[in-house]
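Here's the letter readout for the chains.
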Amino acid sequence: MKIVVAIKQVPERDAPVHIAADGKWIDEGDLNYTINEPDAYALEEALQLKEKNGAGEVVVVCAGPERVQTTLREALAKGADRAIHIEADDLGSRDTLGIAQILADAIKAESPDLILTGLQSDDLGLGQTGVVLAELLDIPHATIIMQVEVAGGGLKVKRELEDGWFQHVEMSLPALLTIQSGGNKLRYATLMGIKKAKTKELKTVAAAAPGAPAIALERVYLPERQKKTEMLTGSPAEVAAKIVEKLKFEVRVI
Amino acid sequence: MLAGALQVAIGARDLTGAIFLFQEQGFHLSATLAEPGHFSALESALLALCIVASAALFFWRFGPILRTILRSKKDVDFSLHPLGRRVWDFFWEVLCQGKVIRQRPLPGLAHAFVFWGFLAFALVSLNHMATGFGLGFLPPASLIGNFYFLFAAVWAVLVAVSITGLFVRRFFVRPIWLGRKVSYESGFIAFLIFLLMVTYLAAFFVEDGGLAVRGLWWMHTLALLIFLPLIPHTKHLHLVLSPVTVFLKRDGFSKIPPLAGDEDFGLVAGKDVTQLISLQTYSCVECGRCTEHCPAATTGKVLNPKEIILGLRSYLNEFGPASDTPLLTEARVASPDNPPEKYLSMEAAFECTTCGSCEFQCPVGIQHVPVIVGLRRGATNTGAWEDDYGTKLFLALEKNGNALGLSAIERDKFIQKQAFPIFDGTQEYCLWLGCMGGYDPKGREIIADFARVMQHLGTSFGVLKKEKCTGDPARRLGNDLVFQTLAENGLKAFETAKVQKIVAICPHCVRTIATDWREYGVAPEIEHHSEFMARHKDRLPQQTGESIVYHDPCYLGRYHDVYEEPRAVVAKAGTLVEAPRSHERSFCCGAGGGLAFLGEEKGERVSHVRARELAGTGAQIVGTACPFCNTMFRDALTAVSDAPPQLLDIAQLTARALTASQPQNQSEQQSSGGVQ
């Protein structure tokens, strides 16, 4: 089975984010980049599927500037067989459709049996790229996947729904799945993997020029801090009842 | 009767006096050794045949071992430097038997007597064989001969008594460290040694040239020639190898050698075993000192350092030094003629706290820790080691740069809260926080208190803006990729900040920065806070009253050779109490080797054993000098004692007097009430 994993490189989680001078994007100068976490789980799922089936190929694809090659090398070190770097320095000016389009262009030539990607990105968190990519490739997709099993000629997958519910879906191949974090245990990079990765193929392809974006980015800004204090009054029993109500319906944690 | 006479001889200070005593009691004793006299050509030929047969048998067995050692992989970092240290080790450990005696005084001394006796007998034996060909060069009647044979006789008595004692110990006392299996070969060899001595001594009591002396002579000869071929395949091989091993062992305590080339991932298979490891493996005398002091072996884990070395030896005997067969049993396909060896297993290798007690105790120069870490490297660098906690730790180090897996922002917040200045090149010291000092609540208390001590002393310091783990847990768990990344990152950080001197509260950080990082560059000078405080001890407040038991951290003591400095600091803070096992023989807290981050231990917890020992001293305070020991004892002391002693780092012990000295004017506030 040939599996393509579409990954994204994102700023490290605890990186101090500053807004660029033009207010349209973040200042990338000081940031350290890493693999998008759900994509790391997508890669892990692909590697495990390959290991379980004893055969196949895992190809990782990533769009972005030259720095994404570090993330691709890491993916190769963890066990991917080949990597494709879609060269694009203007990721900020492409919308989801635009990015899905350049991914689709690169993936089409591979004609994989299965495409895996994280259900969303740690930076923008739109959760659309995978779904749009499936549409562009004209293949079925399933989102928020916890488990994947190869059954007959197709797949049996477990989707996460709300409130602790799960949906089990059977689907045919080729297909695209967006993977939820935490379904598997991630592996650590090894010295042997890094050494082997040096001899693996990392192909660079140019991205098509961006078309007019369907969604334009107006302004990027840091979350604004809000402080709201509300005093609850009444007898202890009344205050307790009010707290429970607020936790249930406003904060929605119980 | 003979035994009685021998006892007199031992007791007598003046040997001639003793001989005079014998004569008075009517023995047929001459002060000279009797010799058989002339040997016929046939007898000489027979002797030559026996010698050739014995030597041939010896080399027939020793040859393959020597070939295995020589055909093992070359040590890339092999060097005879520093020669002075090697000569000293040879003198102290081999010739003086320093380690043998120090760790087990009575059996050690018995062993030393046998060893020194063997040395004294070298000339005697050579002359003995030479007389068989009429070539004796030490005539017993000559002045030198007379003196030397009497000198050797004293040794013969000491050897005979010692070997009897060692025989009794091995076969009747039977300490478990010698192994559960009774070695009949050892018994037979002890008998041969005894026979050698007795036949030698008896020759003082018989007539020159008689049948009796001829009989004794042949018995002595045969005992010697039977002994020789028994050496190579028994633990007595250490007679031949251990002097070489002690001289050639890798310089530096627990030194982990660099990996050589793109195909080296540590000890994966026989082909990765280096000549030094191979030599050390065959030198093992199976005394079990390593096991006796091992925190894992003595608390019910699978790991047994002696069996790791012996397992490696069996492996080399079976598969040879060029083999591709995996060393660790989990990675090997078991077959009936290749049963899994539980000791040379991944499970055992990952139970080691790298406390280094084994290596420290070993009298024949075996360096266990590099072997165990080598096995871990082989498993981790290839991804064969699959452990949930281990993976979590490595991912945390990859992603967050600290072993606790917390966001670097947490460290920033702590620095801001403590108002620690950022190191900018103007301060004298760079204060290294480490993962514990930067992220762990108790570690932070220690750092904060040490910072107050530095302020009290007027020493300027700053902390790095960004700091990642030194890579110690990755290094000890065999993850060279993470270790290298972190080491290079750290070296760059110090270089960019132009740091000259570093001080740290964690002995693991000190060791890793000062020694392990050397593979990738040279770090600035680093010292442990105990060394810093001891240097300024005259300016630290003197406290009295409370008894403090000091626990030697492995990485400060055995690894860094610092024992007295923290004691000097403790002595300023109260009355120093020693634990039953202290200094070089201190018992591990269980946290080292990355084990602080792994899952629950098998058997009894190492930390509980040590905590019980520390609490058992009755001291009011347990003083530590390592944040990892501290964190281990925090839980352990409460678990083992209803009224646990207080637990404080040496920095806290000092800093509490600084708080207490401030409100001195308030008469109610006594120094003892000033803490916590």
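Coordinates for the structure precede this section.
The text that follows walks through the structure, step by step, so that each part is easy to find. Note that the coordinates shown come from a computational prediction; the quantities given were computed from them, not determined experimentally.

Criteria and thresholds
- Residues numbered from 1 in each chain as written.
- Chains lettered and ligands numbered in written order.
- Predicted model: local features only at pLDDT ≥ 70, side-chain atom pairs only at ≥ 80, totals over all residues.
- Helix = DSSP H or I, 4+ residues; strand = E, 2+ residues; numbered from the N terminus.
- Buried ≥ 20, exposed ≤ 12 C-beta atoms within 10 Å, placed from the backbone.
- Contact = placed C-beta atoms within 7 Å.
- Pairing = 2+ DSSP bridges.
- Axes fitted to C-alpha atoms, helices over the stretch in contact; angles between N-to-C directions.
- Core = buried A, V, L, I, M, F, W, Y, C linked by C-beta atoms within 7 Å.
- Nonpolar A, V, L, I, M, F, W, Y, C, P; charged D, E, K, R; others polar.
- Expected span 1.5 Å × (residues − 1).

**Here we look at the overall build of chain A**
Phase 1: Each helix and strand in chain A was counted, giving six helices and eleven strands.
Phase 2: Dimensions of chain A along its principal axes, counting C-alpha atoms only, are 70 × 50 × 40 Å.
Phase 3: Expressed as a percentage of its 254 residues, the buried residues of chain A come to 34%.
Phase 4: When contacts within chain A are restricted to residue pairs at least 6 apart in sequence, long-range pairs at least 24 apart make up 69% of them.

**Focus: the sheet that holds strand β8 (residues 646–649) of chain B**
Residue and element names in this part refer to chain B.
Phase 1: With parallel pairing, four strands are arranged side by side in an open sheet as β6-β5-β7-β8. Strands with a single pairing partner mark the edges of an open sheet, and in this sheet they are β6 (575–578) and β8. The mean inter-strand angle of the sheet, taken between neighbouring strand axes irrespective of direction, is 35°.
Phase 2: Taken strand by strand, helix α25 (residues 564–573) contacts β5 (547–550), β6 and β7 (621–624), and its axis lies near 165° from that of β5.

**Quick word on the nonpolar core**
Phase 1: Counting 200 residues, the largest nonpolar core has V5, L43, V60, V61 and L103 of chain A as the members making the most contacts within it.
Phase 2: Broken down by element, this core gets its largest block of residues, seven residues, from helix α27 (residues 627–640) of chain B.
Phase 3: Ranked by size, the runner-up nonpolar core spans 29 residues in total, among them A110, F149, A156 and L166 of chain B.

**Structural notes on the interface of chain B and chain A**
Phase 1: Listed by partner, the interface residues are 17 residues for chain B and 14 residues for chain A.
Phase 2: No other element matches helix α17 (residues 388–399) of chain B, which puts six residues into the side of chain B that touches chain A.
Phase 3: Of the residues assigned to the side of chain B that touches chain A, the class counts are six nonpolar, six polar and five charged.

**Some thoughts on helix α8 (residues 184–202) of chain B**
All names here are of chain B.
Phase 1: With 19 residues, α8 should reach 27 Å at 1.5 Å per residue; the first-to-last C-alpha distance of 26 Å fits that figure.
Phase 2: By the burial criterion, the buried members of α8 are I189, I193, L196, M197, T199, Y200 and L201.
Phase 3: Of the surrounding secondary structure, the elements contacted by the buried residues of α8 are α6 (105–131), α7 (143–173) and α9 (211–230).

**Comments concerning the environment of T204 of chain A**
Residues and elements named next belong to chain A.
Phase 1: Tracing the sequence through the fold places T204 in strand β11 (residues 201–206).
Phase 2: Note: C-alpha distance between T204 and H18 (186 residues apart in sequence) is 30 Å.
Phase 3: Apart from residues lying up to four places away in sequence, T204 is in contact with H85 and E87.

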